[in-house]
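# Tertiary structure, described
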Amino acid sequence: MSRSPPDIIYGVDDRPPALTLLMLGFQHVVVITLTLIIPVLIAKEVGLSDQQANFFISMSLLATGIGTCLQAWKWRGIIGSGYLCPCICGPSYLSASILAVQTGGLSLLFGMTAITGVFQIAVSRIISKLRILFPVEVTGVVVTMVGITIIPFAIPSFFGTTDTNVINPVVVLVSIVTFAIICGFTIWGKGWARLFPALIGCIIGYLLSLALGVAGDDTIGKIATTPLFGFPDISYFGFSFNPYLLLPFFIATISSTFKNVGDITICQKASDLDWKRPDFSNISAGILSDGISTLVGGLIGGLGQSSSSSNIGLALGTRAISRYISFSTGGILILLAFFPKLAALFLYLPDPVMGAMSIYMGSFMIIAGLGIVTSRMMDARKTFVVGSSLMFGLGVHMLPDIFSQLPQLIQPIFESGLSVATMVAITLNLVMRIGIKKQETLTLQPDDEISDKVFAFMEKQGERWGARPDVIRKATSALVETCESLFSTGRTTEPVSVTAIYDELQIDIPVSYTGKELILTDKRPTPQEIMKDPDGFSRLSGYMVQRYADRVTTQNTGEKWMINLHFEH
């Protein structure tokens, strides 16, 4: 079982009290409803009627609620990552969805969304075999860019420039107050207040916006005239297909999947104090969950679904990462799909509140991503991968006119800095792997100072390779134990040859010698066995070697033996 970091209030499998669980769910719903701007933008862009737009938004809410619960379920380790990683209406699907509605109406959007879900389900089945594409530096870039992509939305909302280029000082005032309240309760809050900084800031910011007249045009009137309860009108639902739209939807799915990898990775790291590398079997289950959620979205008349980086940032900030929060969040979202008046309270969140909350959540994602990148020693290869991909990703937001000149068919990729940074990082990582497999040999004599010589050798190679320090320490300990045991127990009286082989994903150290077999055992010998058995000390050394290495294998030809020490990297 993984160990939660000491500052976590509610760990992954902790169940908060009922009222706390409900309030935490509401806090996450506030963040999720910010992304309802995606179906709203689609509705405005293609001129949907109010009735069509309401149906589309309600069904998207329903799909989001189902997906949020499914992601936390962790059914037999196959469906759902088992983390607090809520779903949202996927931004990656915006361009392709608008193109679908313009081409064949809502029915075509629903049909293509369902097919996209099937495609993502298929991708989830092979993602665990693609670990080579997502070393830690690439995953860190993805997580960092997830936070950075919030900036173009967060900053205009914070300064009140979403509809105009003129800064609104009243909006700025409300944004600063809201942001200060959220940060204050996050850092200095005690007890329950520390759990709900975003919710407290949202309520105060909402009321302040209403009082100062920056909550939007007749927000109270719009909420008042919205019906309390209503079933979505299924007459707007349909289903059609256009093969020419497969490519843009599949590109959007790949972009969303890359983001899923980063999001679930940060959930893994946040919940495990001893985290070393992404668990791709768990990531596969999470992507399968999102694929099913997208399929459900298409079948019931909603938008494609994706994991919510903003909610992960909120969970990191509040230190409440219990997966049970997902169930309360998902339940509330499902209810909102049938209670339009309640949904309207979230739909009409004022700009300064959205801006302050987005900056708060984005901050945690950016730092978390950089933390993943720097969890490895950086060499020239990793520097090029990380630096170049971040520059291209930022370039999409800083110089959008350049990327807008690219062919329409591939526009969905280059409209997102996240997609561009991910593509560049993966491509450069594959190119930089040319010649990455390295090996060095060391020969040890019986009268050498084994520990000093092995330590100096492994430390030098670790720095050259940019290997993880903790893996190098384990490998050094295992190698010292192996070689000292061979000499001290008389297993060999001849030189021992050590070869260290590194290829980014693993380190193998074959130890070759002529002599007797080193006894390897998974069972620790008792003190009596060590003292009475002539091979007692050899068995103890073999046990220690097994504990240090991830896997140990032996092979021999006559008196020539080779012990291979294997370490996952």
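I will try to describe carefully the structure that is included in this document.

What follows covers the overall build of the protein. Looking only at helices and strands, one finds 24 helices and 7 strands in the protein. When its C-alpha atoms are laid out on the principal axes, the protein stretches across 90 × 55 × 45 Å. For the protein, with 569 residues in total, the buried portion stands at 54%. Long-range contacts, defined as pairs at least 24 residues apart, comprise 79% of the intrachain contacts of the protein with a sequence gap of at least 6. Taken as a whole, the protein presents about 24300 Å² of accessible surface, with 63% of it coming from carbon and sulfur. The distance from the centre of the 39 positive side-chain charges to the centre of the 41 negative ones in the protein is 4 Å.

Under the 1.5 Å per step criterion, the end-to-end length of helix α9 (residues 197-212) is 22 Å for 16 residues, consistent within 8% with the ideal 22 Å. Among the residues of α9, Pro197, Ala198, Leu199, Ile200, Gly201, Cys202, Gly205, Tyr206 and Ser209 are the ones counted as buried. Just past α9, the residue Gly213 takes up positive phi, approximately 75 degrees.

What follows covers the environment of Val123. Tracing the backbone shows Val123 in helix α4 (residues 94-124). Given a relative accessible area of 11%, Val123 falls into the buried group. For the pair Val123 and Glu481, spaced 358 residues apart in sequence, the C-alpha separation works out to 43 Å.

This brings us to the sheet that holds strand β6 (residues 551-557). Read from one edge of the open sheet, 5 strands run β3-β4-β5-β7-β6, paired in antiparallel fashion. Edge strands, defined here as strands with exactly one partner in the open sheet, are β3 (438-444) and β6. The mean inter-strand angle of the sheet, taken between neighbouring strand axes irrespective of direction, is 15 degrees. The pairing of β3 with strand β4 (residues 496-502) spans 7 bridges and is antiparallel. Across the sheet, residue Leu442 finds its bridge partner in β4, namely Val498. Against the sheet, helix α21 (residues 450-465) touches β3, β4 and β5 (506-514), its axis set at about 170 degrees to β3.

With that settled, the discussion passes to the pattern of salt bridges. One pass over the full model with this rule turns up 5 salt bridges. A salt bridge links Glu440 to Arg464, with the nearest nitrogen and oxygen atoms 3.0 Å apart. Of this pair, Glu440 sits in strand β3 while Arg464 is found in helix α21, placing the two residues 24 residues apart along the sequence. Note that Lys474 is salt-bridged to Asp550, the shortest N-O span being 3.2 Å. Of this pair, Lys474 sits in helix α22 (residues 469-488) while Asp550 sits in the loop between α24 (536-548) and β6, and the two are 76 residues apart along the sequence. Exposure remark for Lys474: the relative accessible area of 32% places this residue in the partly exposed category.

With that out of the way, let us pick up the packing of helix α7 (residues 169-188) against helix α16 (residues 351-373). A packed helix pair is summarised by two numbers, namely the angle formed by the two axes and the spacing between the axes. Two numbers describe how α7 lies on α16: the axes approach to 8 Å, and their chain directions differ by 40 degrees. Relative to α16, the element α7 lies oblique. In the packing of α7 onto α16, the handedness of the crossing is right-handed. Contact with α7, carried on its side by Val171, Val174, Ser175, Thr178, Phe179, Ile182 and Thr186, involves Pro352, Val353, Ala356, Met357, Ile359, Tyr360 and Phe364 of α16 and no other residues of that element. Looking at side-chain class alone, the contact of α7 with α16 contains 11 nonpolar, 3 polar and no charged residues.

Nonpolar side chains collect at one region of the surface, where Leu228, Phe229, Phe231, Leu342 and Leu345 lie side by side and expose about 510 Å² of accessible area between them. For Leu342, a relative accessible area of 37% puts it in the partly exposed group.

The subject of this paragraph is the pairing of strand β7 (residues 560-568). Pairing geometry for β5 and β7, over 9 bridges, is antiparallel. Counterpart to Ser512 in the pairing with β7 is Met562. The sheet contact formed by β6 and β7 spans 7 bridges and is antiparallel. Across the sheet, the residue bridging to Val552 is Leu565, located in β7. Hairpin connection of β6 to β7: 2 residues between the antiparallel strands, including Gly558 at a positive phi of 65 degrees.

Let us look at the state of the cysteines. One pass over the structure, following the stated rule, counts 0 disulfides. This cysteine, Cys183, is not joined by any disulfide, and Cys202 carries the nearest cysteine sulfur, 15 Å off.

Turning to the side chain of Thr492, a few remarks are in order. One can find Thr492 in the loop between α22 and β4. Judged by relative accessible area, which is 3%, Thr492 ranks as buried. Within the structure, Thr492 has its side chain in polar contact with the backbone nitrogen of Glu494 (distance 3.2 Å). At a separation of 2.7 Å, a polar atom in the side chain of Thr492 contacts the main-chain carbonyl oxygen of Thr514. Excluding anything up to four places from it in sequence, Thr492 contacts Leu486, Phe487, Tyr513 and Thr514.

Rules and cut-offs
Residues numbered from 1 in each chain as written. Predicted model: local features only at pLDDT ≥ 70, side-chain atom pairs only at ≥ 80, totals over all residues. Heavy atoms only, no water. Helix = DSSP H or I, 4+ residues; strand = E, 2+ residues; numbered from the N terminus. Buried < 20%, exposed > 50% of the residue type's maximum accessible area, 1.4 Å probe, protein only. Contact = heavy atoms within 4.5 Å. Areas by Shrake-Rupley, 256 points an atom, 1.4 Å probe, with all protein chains shown as cover. Lys, Arg positive; Asp, Glu negative; His and termini not counted. Charge placed at Lys NZ, Arg CZ, Asp CG, Glu CD. Expected span 1.5 Å × (residues − 1). Pairing = 2+ DSSP bridges. Axes fitted to C-alpha atoms, helices over the stretch in contact; angles between N-to-C directions. Salt bridge = Lys/Arg side-chain N within 4 Å of Asp/Glu carboxyl O. Parallel < 35°, antiparallel > 145°, perpendicular 65-115°, else oblique. Left-handed = near helix turned anticlockwise from the far one by under 90°. Nonpolar A, V, L, I, M, F, W, Y, C, P; charged D, E, K, R; others polar. Patch = residues over 30% accessible without salt bridge, like charges linked within 9 Å, V, L, I, M, F, W, Y side chains within 5 Å. Disulfide = S-S within 2.5 Å. Polar contact = N/O pair within 3.5 Å; in protein donor to acceptor, adjacent residues only side chain to side chain.

In short, shape yes, function no, at least from these values alone.
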